[in-house]
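Chains, contacts and geometry: an overview
So you can see what is in the structure, the chains are spelled out below.
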Amino acid sequence: MRDALRGTRARRPADPLRGRVAVVTGAARGVGEALSRSLSEAGMRVALLGRERETLEEVAASLPGPTLCIESDITDRATLTEAARRVEAELGPASVVVANAGIAVSGSFTGTGPELWQRVIDVNLIGSADTARTFLPQLTATRGYFLQIASTAAFGAAPMMSAYCASKAGVESFALALRGEVEPDGVQVGIAYLHWTRTDMLSGIDEDPVLESLRRNQPRAARRVHTPGQVAEWLTRGIEHRAPNIYAPPWLRLCQPLRPLFPAVVARTARRELRRRPREAMTTSSGVLGAGGRADWDSYQATHRSHGHGTRQGS
């Protein structure tokens, strides 16, 4: 009898999610792929949204539970509306929505073309808000949970990453504001703070002078790069408990009281590193980071060219 009870307790963490519907944006790779897998293994029916159809389909086919794969640009409200309609019709109303899709650009503000800089804001911030707006009717019906993926970039903004840092600070503020608005309807909003994670977006970190320096000057524990699978486990645990804040890794919660100090520390480290570099190296952009970000930017450019709009990335 005692062993049976112990087994019931061991299964209990998955019970709140079993049979429910989750929507994950940016699900083709990285944290989005790993989280989709973790939620599926927890018994959820998962809708995967992303830009790369073939990669999405491969991920969806490998998951153990029911899935729905939708190629979707989260900056296109009509596309999102159609995605939400399909989710409700084919899987059921969403109980969990994870605004994970994001891209990043490495390079100086002046060296990054305005269209590319704005695209980061549009995907990371506006796209997240539109994701929430589109799925809120379903989350209200299910008294569900909206999880906004943020970053420690919201703690202390790093030079040469202005668009990414601005967008992540923005989504944190957005989620905090939304939390108070939707709580009376039974919808809970969580914010996930991710640190160094081994995604393709981070693949060039050692070549980025500021990011490499910031990481090198952190305590040893803070320099560790975590796998998407480990991050997905932390996120899934937080989703199970409808946590207001999820920290990946968990020790990041200890940093919250120290946040007022971080901008000055980051600025001092960045200034020291930037002084060592030739000025011309600091006024160029290395472009979009990671295969997922490049796929979004390439698709965006192709769409705008087909409509007769030019784009300038800067040189």
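Everything discussed here concerns the structure shown above.
To start, this report covers the structure provided alongside it. All figures in this text were calculated on a predicted structure; none of them were measured in a lab.

A separate point is helix 9 (residues 228–240). Spanning 13 residues, helix 9 covers 18 Å between terminal C-alpha atoms, matching the ideal 18 Å at 1.5 Å per step. Those residues of helix 9 lying buried are Pro228, Val231, Ala232, Trp234, Leu235, Thr236, Gly238, Ile239 and Glu240. Those residues of helix 9 that are buried are in contact with helix 2 (30–41), strand 4 (96–99), strand 6 (145–151), strand 7 (188–194) and strand 8 (245–248). Backbone geometry just after helix 9 places Arg242 at a positive phi near 50 degrees.

Of note, the amide linkage connecting Ala248 to Pro249 takes the cis form, showing an omega dihedral of 10 degrees. Mapped onto the elements, Pro249 comes out in the loop between strand 8 and helix 10 (262–275). One non-glycine residue, Arg143, adopts positive backbone phi at about 50 degrees. For Arg143, the location among the structural elements is in the loop between helix 5 (114–142) and strand 6.

This paragraph deals with empty space enclosed by the protein. Applying the stated criterion across every chain, the model contains 1 cavity of 30 Å³ or more. Here the largest cavity is characterised by a volume of approximately 40 Å³. Surrounding the largest cavity, Val105, Gly107, Ser108, Phe109, Thr112, Trp117, Met160, Met161, Ser162, Ala163 and Tyr164 form its lining. Of all elements in the fold, only strand 5 (105–107) and helix 6 (162–182) reach the threshold of two or more residues within the lining of the largest cavity. If you tally residues by element for the lining of the largest cavity, the top one is helix 6, at 3 residues.

So, on to the pairing of strand 1 (residues 21–25). Burial analysis of strand 1 places 5 of its 5 residues in the buried class, which makes it a mostly covered element. Across the two faces of strand 1 the burial is the same, with Val21, Val23 and Thr25 and Ala22 and Val24 all buried. Where strand 1 meets strand 2 (residues 45–50), 5 bridges bridge the pair, whose relative direction is parallel. By the bridge assignment for strand 2, Val21 is matched with Arg45. As for the winding sense of the linkage, the β-α-β connection from strand 1 through helix 2 to strand 2 is right-handed. Bridging between strand 1 and strand 4 involves 3 bridges; their strand directions are parallel. By the bridge assignment for strand 4, Val24 is matched with Val98.

Our next topic: the side chain of Thr152. Looking at the secondary structure, you find Thr152 in the loop between strand 6 and helix 6. Look past the residues within four positions of Thr152 in its chain and what remains in contact with it is Leu194, His195 and Leu252.

A word on the nonpolar core. Within the largest apolar cluster, 43 residues are counted, with the highest numbers of intra-cluster contacts made by Val23, Val87 and Phe146. Looking at which element gives the most residues to this core, the answer is helix 5, with 7 residues. Filtering out sequence-adjacent residues up to four positions away, Val23 remains in contact with Ala47, Leu49, Val87, Ala94, Val96, Val97, Val98 and Phe135. One finds Ala22, Val231, Ala243 and Ala248 within the second-largest nonpolar core, a separate group that totals 33 residues.

Two side chains with opposite charge may pair up if their charged atoms get near one another. Going through the model one piece at a time under the given rule, you end up with 10 salt bridges. Between Asp73 and Arg51 there is a salt bridge, and its shortest N-O distance comes to 3.5 Å. You can see Asp73 sitting in the loop between strand 3 (67–71) and helix 4 (77–90) and its partner Arg51 sitting in the loop between strand 2 and helix 3 (53–62), a full 22 residues away along the chain. Asp73 sits in the buried class, given a relative accessible area of 16%. A relative accessible area of 23% places Arg51 in the partly exposed class. In this structure, Glu82 engages Arg85 in a salt bridge whose closest nitrogen and oxygen atoms are separated by 2.7 Å. Of the two residues, Glu82 and Arg85 both sit in helix 4, 3 residues apart, roughly one turn of that helix. According to the relative accessible area criterion, Glu82 is partly exposed, its value standing at 38%. Judged by relative accessible area, which is 45%, Arg85 ranks as partly exposed.

All right, on to the packing of helix 2 against helix 9 then. Put simply, helix 2 and helix 9 touch, their axes get as near as 8 Å, and they point 55 degrees apart. For the element pair helix 2 / helix 9, the angle class is oblique. For the pair helix 2 and helix 9, the crossing hand works out as right-handed. Contacts between helix 2 and helix 9 involve Gly30, Val31, Ala34, Leu35, Ser38 and Leu39 on the former and, on the latter, Pro228, Gly229, Val231, Ala232, Leu235, Thr236 and Ile239. Its residues assigned to classes, the contact of helix 2 with helix 9 shows 9 nonpolar, 4 polar and no charged.

Rules used in this analysis
Residues numbered from 1 in each chain as written. Predicted model: local features only at pLDDT ≥ 70, side-chain atom pairs only at ≥ 80, totals over all residues. Heavy atoms only, no water. Helix = DSSP H or I, 4+ residues; strand = E, 2+ residues; numbered from the N terminus. Expected span 1.5 Å × (residues − 1). Buried < 20%, exposed > 50% of the residue type's maximum accessible area, 1.4 Å probe, protein only. Contact = heavy atoms within 4.5 Å. 1 Å grid on protein atoms, 1.4 Å probe; cavity = no way out; pocket = protein on both sides within 12 Å on 5 of 7 lines; lining within 4 Å. Points joined across faces, edges and corners; volume = space filled by probe spheres on them. Pairing = 2+ DSSP bridges. Right-handed = clockwise from strand over helix to strand, strands pointing away. Core = buried A, V, L, I, M, F, W, Y, C linked by side-chain atoms within 4.5 Å. Salt bridge = Lys/Arg side-chain N within 4 Å of Asp/Glu carboxyl O. Axes fitted to C-alpha atoms, helices over the stretch in contact; angles between N-to-C directions. Parallel < 35°, antiparallel > 145°, perpendicular 65-115°, else oblique. Left-handed = near helix turned anticlockwise from the far one by under 90°. Nonpolar A, V, L, I, M, F, W, Y, C, P; charged D, E, K, R; others polar.

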